[in-house]
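Architecture and fold: a report
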Amino acid sequence: MASSRVVGLGGSLASASTSRIALERALAGAERTGASTERFDVAELDLPMFRPGAPAPASLDALLDAIRGADGMIWSSPLYHGTVSGAFKNAIDWLQLLASDDPPYLADKPVGLIAAAGGTHGLQAINTMGFMVRALRGIAVPLVVPVARASQAITDGQIVDAAVDTQLLALGSEVARLSGHFARPSAGVA
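Anyway, here's the lowdown on the structure attached to this text.

In this section: the packing of aromatic side chains. Following the criterion strictly, the structure yields 2 aromatic pairs and no others. Seen in terms of ring centroids, Phe50 and Trp94 are 5.1 Å apart; in terms of plane orientation they differ by 85 degrees. Their pairing is edge-to-face. Linking Phe50 in the loop between α2 (42-45) and α3 (59-69) with Trp94 in the loop between α4 (86-93) and β5 (110-116), this pair joins segments that are 44 residues apart in sequence. On the basis of an interplanar angle of 70 degrees and a centroid distance of 5.7 Å, the ring pair of Trp75 and Phe88 is categorised as edge-to-face. Remark: Phe88 occurs in helix α4 and Trp75 occurs in strand β3 (residues 72-80); sequence separation between them is 13 residues. No difference in accessibility class separates Trp75 from Phe88, as the two residues are buried.

The next thing to look at is the side chain of Asp165. Relative to the helices and strands, Asp165 resides in helix α7 (residues 162-178). Apart from residues lying up to four places away in sequence, Asp165 is in contact with Arg25 and Ile159.

This next bit is on the environment of Ser151. Mapped onto the elements, Ser151 comes out in helix α6 (residues 150-153). Residue Ser151 is classed as exposed on the basis of its relative accessible area, which comes to 52%. In sequence terms Ser151 and Gly118 are 33 residues apart; their C-alpha atoms lie 6.6 Å from each other.

What counts as what
Residues numbered from 1 in each chain as written. Predicted model: local features only at pLDDT ≥ 70, side-chain atom pairs only at ≥ 80, totals over all residues. Heavy atoms only, no water. Phe/Tyr/Trp six-rings, centres within 6.5 Å; stacked < 30°, edge-to-face > 60°. Helix = DSSP H or I, 4+ residues; strand = E, 2+ residues; numbered from the N terminus. Buried < 20%, exposed > 50% of the residue type's maximum accessible area, 1.4 Å probe, protein only. Contact = heavy atoms within 4.5 Å.

Structure follows, in structure tokens:
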């Protein structure tokens with residue numbers, strides 16, 4: 001069986017992003033199972049605000065192509081004011097350009113979810129992302145990782161909380177394992 005392809009999307013506009021570090025660790029978990037991975041960061045994408053009908057920025061092409069070829073995804077956002085960051089939500093809004101694909105959007109792709117919270121309420125962002133995954137016809141992976149008190153769990157660019165590290169690796173492994181299980185059969189295959 002060919003290895004799966006897992007695409008990560010996340011981070012924040014902060015230069016020291018705990019959600020970006022968490023995403024990188026989850027992708028490492030996917031790689032441990034043999035998956036190939038690619039990470040996209042909202043700060044590096046530098047997307048303008050989504051406007052229906054507006055031309056897509058060139059920085060979006062690689063992300064859309066990677067998603068089209070992905071078997072699964074991992075999303076990671078900081079928790080801002082009870083939900084995902086505006087930059088993360090804007091990147092998801094640009095996925096509207098996948099609407100006319102066949103299959104559309106994220107159909108049949110498992111998506112793992114991570115939220116990095118300053119306090120203890122990371123599940124609020126996870127719940128928001130879960131709604132977005134379903135709206136885009138993806139499959140939210142049941143295992144989620146809300147990183148509470150992220151600045152204590154992740155310091156100086158390193159994950160120092162062993163439980164968080166284990167959870168992130170497990171999430172990446174789970175996304176890689178589930179990738180392809182929901183794939184549509186190729187044309188001509190009965």
